[in-house]
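Chain by chain, the residues:
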Amino acid sequence: MDHDALTIKHARIPWPDYFMQIVDLVRRRSTCIRRQVGALAVRENRILATGYNGVPRGIAHCLEVGCLREQLGIPSGQRHEICRGIHAEQNVIIQAATHGISIAGSDIYTTTYPCVQCCKMLINCGVSAIYYAEAYPDELSQAMLAEAGIPVHQLTIS
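Residues numbered from 1 in each chain as written. Predicted model: local features only at pLDDT ≥ 70, side-chain atom pairs only at ≥ 80, totals over all residues. Heavy atoms only, no water.

Helix and strand content of the protein: seven helices and five strands. For the protein, the N- to C-terminal ordering of α and β elements is α-α-β-β-α-α-α-β-α-β-α-β. Dimensions along the principal axes, computed over C-alpha positions, put the protein at roughly 65 × 35 × 30 Å. Across the 158 residues in the protein, those meeting the buried criterion constitute 36%. For the protein, contacts bridging at least 24 residues in sequence account for 54% of all contacts bridging at least 6. A total of about 9,100 Å² of accessible surface is found on the protein, and carbon and sulfur atoms cover 53% of it. Of the side-chain charges in the protein, 14 are positive and 14 negative, and the distance between the mean point of each set is 8 Å. (Helix = DSSP H or I, 4+ residues; strand = E, 2+ residues; numbered from the N terminus. Buried < 20%, exposed > 50% of the residue type's maximum accessible area, 1.4 Å probe, protein only. Contact = heavy atoms within 4.5 Å. Areas by Shrake-Rupley, 256 points an atom, 1.4 Å probe, with all protein chains shown as cover. Lys, Arg positive; Asp, Glu negative; His and termini not counted. Charge placed at Lys NZ, Arg CZ, Asp CG, Glu CD.)

This is the structure in structure tokens:
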């Protein structure tokens, strides 16, 4: 087999596609009834931490006790503080901190565009860029990331 044929047969996927496929797998650990979200912190093509949305450790999962937001009739995108769960991006920050890993200068890959609460945290962590698959209607988070100079890129999960 010649070199060109070998290259075509064994083409490697680009790093962003690789990380988006991993983050799609990470989201499948979520215990959220409404939306499964996964997130990764990556620096120099190395995964620093992963996270998915769900309740804190030792707390009954929403899959077991139901969704507080649904029970109270809270629409998606509103009143984030009324939820038993922690967002995937927050769990990335927590996991990194728990293991003494700085995510400053890292790229964040997430299945869903971060909400304003997560964006504020990611800005303060000093992340370099955010890559996401699904849009999320949060104009304030978009404005804050733009003001902070953090590039945001939408990618598809293949």
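Let's shift gears to a nonpolar patch on the surface. A contiguous nonpolar patch, built from Ile13, Trp15 and Tyr18 and spanning about 290 Å² of accessible area, is present on the exposed surface. Along the chain, Trp15 turns up in helix α2 (residues 15–27). We classify Trp15 as partly exposed; its relative accessible area is 38%. (Patch = residues over 30% accessible without salt bridge, like charges linked within 9 Å, V, L, I, M, F, W, Y side chains within 5 Å. Salt bridge = Lys/Arg side-chain N within 4 Å of Asp/Glu carboxyl O.)

All chains considered together, the criterion is met by two salt bridges. As a salt-bridge pair, Asp24 and Arg27 come within 2.7 Å of each other at their nearest N and O atoms. Of this pair, Asp24 and Arg27 both sit in helix α2, three residues apart, which is roughly one turn of the helix. Take Asp24: its relative accessible area is 14%, and that puts it in the buried class. Asp24 is paired through a salt bridge with Arg28; the nearest N and O atoms lie 2.9 Å apart.

A word on the sheet that holds strand β5 (residues 152–154). Pairing within the open sheet is mixed, and its five strands lie in the order β2-β1-β3-β4-β5. For this open sheet the edge positions go to β2 (46–52) and β5, each flanked by a neighbour on one side alone. Averaged over all pairs of adjacent strands, the angle between strand axes in this sheet comes to 20 degrees, irrespective of strand direction. Pairing of strand β4 (residues 129–134) with β5 involves three bridges; the strand directions are parallel. (Pairing = 2+ DSSP bridges. Axes fitted to C-alpha atoms, helices over the stretch in contact; angles between N-to-C directions.)

Turning our attention to the state of the cysteines. The full count for this structure, using the stated rule, is zero disulfides. No disulfide involves Cys62; its nearest neighbouring cysteine sulfur is the one of Cys67, lying 5.9 Å away. Of the cysteine sulfurs around Cys125, a residue in no disulfide, the closest is that of Cys118, at 10 Å. Taking the relative accessible area as the measure of exposure, Cys125 reaches 25% and is therefore partly exposed. (Disulfide = S-S within 2.5 Å.)

Moving on to the environment of Gln142. With respect to the secondary-structure elements, Gln142 resides in helix α7 (residues 139–148). For the pair Gln142 and Pro114, spaced 28 residues apart in the sequence, the C-alpha separation amounts to 9.0 Å. With residues up to four places along the chain from it excluded, the contact list for Gln142 reads Tyr113 and Tyr136.

By themselves, these figures tell us nothing about what the structure is for.
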